[in-house]
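Structural description and commentary
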Amino acid sequence: MNALQTAGSIAKRNGADLKLLHVFDLDNTLYPEDNMGSNSNPDIAIKSLNRLATSVKNGDGVNCGIICIPGFVPNAILQTAKEENCDIIVMGKNGNAGYREMYAGTNTYNVIKKSDCPVLLVPSGKMYESFTNVLFPARPVISVFEKYELIRPIILK
């Protein structure tokens, strides 16, 4: 829910639409309860997501839609982001396996590793409505400044 609040705030601030994605996990043979029964009854997931989308729209004034698809979670997230031309993926750092301080969830890791767009991870128990102090780790290589100056006008267009 913290990741959703962060995604809603980013969408509102940028005048963007928000899409809620639920993947009916095809890789749930060992732990089918992780899907809270939604694999056996997709109507439950769709009904819940519609209520959540309505709540986001009414609470934040953000146009919010839902997408429900079957698949392997990381692949489905990445494919949907590409098909929907998403600018950013916002997701929780930890998934169904629970909170582990030093680790991101497996699905999260695989999305970060293969994503074509930025991925923002929201740690468990945190919520961000705005950003005022951003850190960008950079290597102090002389050619970095030259490349930045060359590409900056292109990026701004």
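Residues numbered from 1 in each chain as written. Predicted model: local features only at pLDDT ≥ 70, side-chain atom pairs only at ≥ 80, totals over all residues. Heavy atoms only, no water.

**Considering the overall build of the chain**
Per the secondary structure count, the chain includes five helices and four strands. Each helix (α) and strand (β) of the chain, taken in turn from the N terminus, gives the series α-β-α-β-α-β-α-β-α. Within the chain, the fraction of its 157 residues that count as buried is 27%. Only carbon and sulfur atoms are counted for the fraction: they give 55% of the accessible area of the chain, which is about 11500 Å². (Helix = DSSP H or I, 4+ residues; strand = E, 2+ residues; numbered from the N terminus. Buried < 20%, exposed > 50% of the residue type's maximum accessible area, 1.4 Å probe, protein only. Areas by Shrake-Rupley, 256 points an atom, 1.4 Å probe, with all protein chains shown as cover.)

**Observations concerning the confidence of the model for the chain**
Summing up the model confidence of the chain, the mean pLDDT is 82 and the portion of residues at 70 or higher is 82%. The weakest mean pLDDT in the chain belongs to helix α5 (residues 142–156) at 75; the strongest belongs to helix α3 (residues 73–83) at 96. (pLDDT = per-residue confidence, 0-100.)

**Here we look at the pairing of strand β1 (residues 18–25)**
With six of its eight residues buried, β1 lies for the most part within the structure. The pairing of β1 with strand β2 (residues 64–71) spans eight bridges and is classified as parallel. The residue bridging Leu21 from the neighbouring strand is Ile67, located in β2. (Pairing = 2+ DSSP bridges.)

**Concerning the packing of aromatic side chains**
Scanning all chains against the criterion turns up one aromatic pair. Aromatic pair Tyr128 and Phe131: ring centres 6.0 Å apart, planes at 15°, arrangement stacked. (Phe/Tyr/Trp six-rings, centres within 6.5 Å; stacked < 30°, edge-to-face > 60°.)

**Quick notes on the packing of α3 against helix α4 (residues 106–114)**
In a pair of packed helices, the angle between the axes and the distance between the axes together describe the arrangement. The N-to-C vectors of α3 and α4 enclose an angle of 40°; their axes lie 8 Å apart at closest approach. Judged by the angle between their axes, α3 and α4 are oblique. For the crossing formed where α3 meets α4, the hand is right-handed. For the pair α3 and α4, the contacting residues are Val73, Pro74, Ile77 and Leu78 in the first and Asn107, Asn110, Val111 and Lys114 in the second. Its residues assigned to classes, the contact of α3 with α4 shows five nonpolar, two polar and one charged. (Axes fitted to C-alpha atoms, helices over the stretch in contact; angles between N-to-C directions. Parallel < 35°, antiparallel > 145°, perpendicular 65-115°, else oblique. Left-handed = near helix turned anticlockwise from the far one by under 90°. Contact = heavy atoms within 4.5 Å. Nonpolar A, V, L, I, M, F, W, Y, C, P; charged D, E, K, R; others polar.)

**Quick look at unusual backbone geometry**
Positive phi outside glycine occurs at Asn85, with the angle close to 55°. What makes Asn85 exposed here is its relative accessible area of 62%.

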